[in-house]
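The lines below spell out each chain.
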Amino acid sequence: MQDYGVGIFELAFTKSALKKAIKKGLITVNGQIATTATYIYGGENITLTALEPTTQKKQFIQNLDVVFEDDYLAVIRKPAGLLVSGNKFKTVTNALEQNLNRSTQPDATKPQPVHRLDYATTGVLLIGKTKQSIIALNTLFKTKNIQKNYYAITIGNMPKEGIIASDIDGKKAISHYNILDRVNSERFKLLNLVNLAPETGRKHQLRKHCAELGNPILGDKDYGLPHLILNGKGMYLHAYSLEFIHPFTKALVTIKDELPLRFRKVFKNNVV
């Protein structure tokens, strides 16, 4: 049910919203309350009971940089220090409607991020603007047909390039990396500008993989070394690019974002 139900209900359109509705007992299959593991064979009567909102929702005012937008999807530049979604008021999701044009398609819906970036991570974030585009983009991620590239600054001497493969939360996780530049540092000895390409999409995957190598990402307070924590500067992890075949126009979409100024201050000679 958790996989099949994504996109079939307007009021629980994303996977996270569907999961919440299931946990609240709002979805039934043939009259029986469903769980996330309820198996769908075909021909079932699936019902969502909608709860009436008790209060009018406040609007979160936050200007977002829109990198790309058409009638089906958009890409925004996520700032550091902002959650993508969740139960908090100040999230990217709650700021999207004021920053994007409403789709003219008959299945236009409230715009929704179709993947996540960590609270401290900056960079490009893909948004669906219609019901069918949200389903299609989720499918592209599931089938690994969206290529993502990140840049990070890591600490310490590390191999020039390689593949990191390990289990994260019991699931296989694979990341590719290569070093683009290095600079000496009085405090950190050596800092690396690293291109990271995740093959899978596990939670905190790139951060955990860099830490496993012994080269944590600069500013990572969760997986960094205690004596090498950088306070007050944020985490140096940036979602640089997305590439995929547009599910409706069938055009190749390549979106790239420039490195943030704080990266360029460390690697002055790099022109990425």
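Residues numbered from 1 in each chain as written. Predicted model: local features only at pLDDT ≥ 70, side-chain atom pairs only at ≥ 80, totals over all residues. Heavy atoms only, no water.

> Even after reading the chapter, I still don't get the nonpolar core, so can you show me in this structure?
Note on soluble globular proteins: their nonpolar side chains tend to be buried together. One finds Ile76, Leu126, Leu196, Leu237 and Phe244 to be the most contacted residues of the largest nonpolar core, which totals 41 residues. Apart from residues lying up to four places away in sequence, Leu126 is in contact with Leu73, Ala74, Val75, Gln112, Pro113, Val114, His115, Leu137, Phe141, Ile146, Leu242 and Phe244. Among the nonpolar cores identified, the runner-up in size contains 14 residues, and Phe188, Leu193, Leu218 and Phe263 belong to it. (Core = buried A, V, L, I, M, F, W, Y, C linked by side-chain atoms within 4.5 Å. Buried < 20%, exposed > 50% of the residue type's maximum accessible area, 1.4 Å probe, protein only. Contact = heavy atoms within 4.5 Å.)

> How do you make sense of the pattern of salt bridges when you look at a structure like this?
Once their charged atoms are close, side chains differing in charge can pair, the charge on each being opposite to the other. If you walk through the whole model with that rule in mind, you get seven salt bridges. A salt bridge links Arg77 to Asp65, with the nearest nitrogen and oxygen atoms 3.3 Å apart. With Arg77 in strand E5 (residues 73-78) and Asp65 in strand E4 (residues 65-69), this residue pair connects regions lying twelve residues apart in the sequence. Asp220 is the salt-bridge partner of Arg207, the closest N and O atoms lying 2.9 Å from each other. Separated by 13 residues along the polypeptide, Arg207 in helix H4 (residues 205-213) and Asp220 in the loop between H4 and strand E12 (237-245) bring together distant segments of the chain. Residue Arg207 shares its accessibility class with Asp220, and that shared class is buried. Connected through salt bridges with shared partners, the residues Asp118, Arg207, Asp220 and Asp222 form a single ionic network. (Salt bridge = Lys/Arg side-chain N within 4 Å of Asp/Glu carboxyl O. Helix = DSSP H or I, 4+ residues; strand = E, 2+ residues; numbered from the N terminus.)

> What am I meant to see in the packing of aromatic side chains here?
Between two aromatic rings, the relevant description is the distance of the centres plus the angle of the planes. Tallying each qualifying case throughout the model produces five aromatic pairs. Ring geometry for Tyr39 versus Tyr41: centroids 4.7 Å apart, planes at 55°, classification tilted. Seen in terms of ring centroids, Tyr72 and Phe248 are 4.6 Å apart; in terms of plane orientation they differ by 10°. Their pairing is stacked. On the criterion of sequence distance, the pair formed by Tyr72 in the loop between E4 and E5 and Phe248 in the loop between E12 and strand E13 (252-256) is long-range, its members being 176 residues apart. For Phe248, a relative accessible area of 33% translates into the label partly exposed. Over the face of the ring belonging to Tyr236 we find Arg262, whose NZ or CZ atom lies 4.5 Å from the ring centre. (Phe/Tyr/Trp six-rings, centres within 6.5 Å; stacked < 30°, edge-to-face > 60°. Lys NZ or Arg CZ within 6 Å of the ring centre and 35° of its normal.)

> Help me understand the environment of Asn149 in this model?
Looking at where Asn149 falls in the secondary structure, it is placed in strand E8 (residues 147-155). With sequence-adjacent residues up to four places away left out, Asn149 is seen in contact with Asn195, Leu196, Ala197, His238, Ala239, Tyr240 and Ser241. Here the side chain of Asn149 touches Asn195 through a polar contact of 3.2 Å, side chain to side chain. (Polar contact = N/O pair within 3.5 Å; in protein donor to acceptor, adjacent residues only side chain to side chain.)

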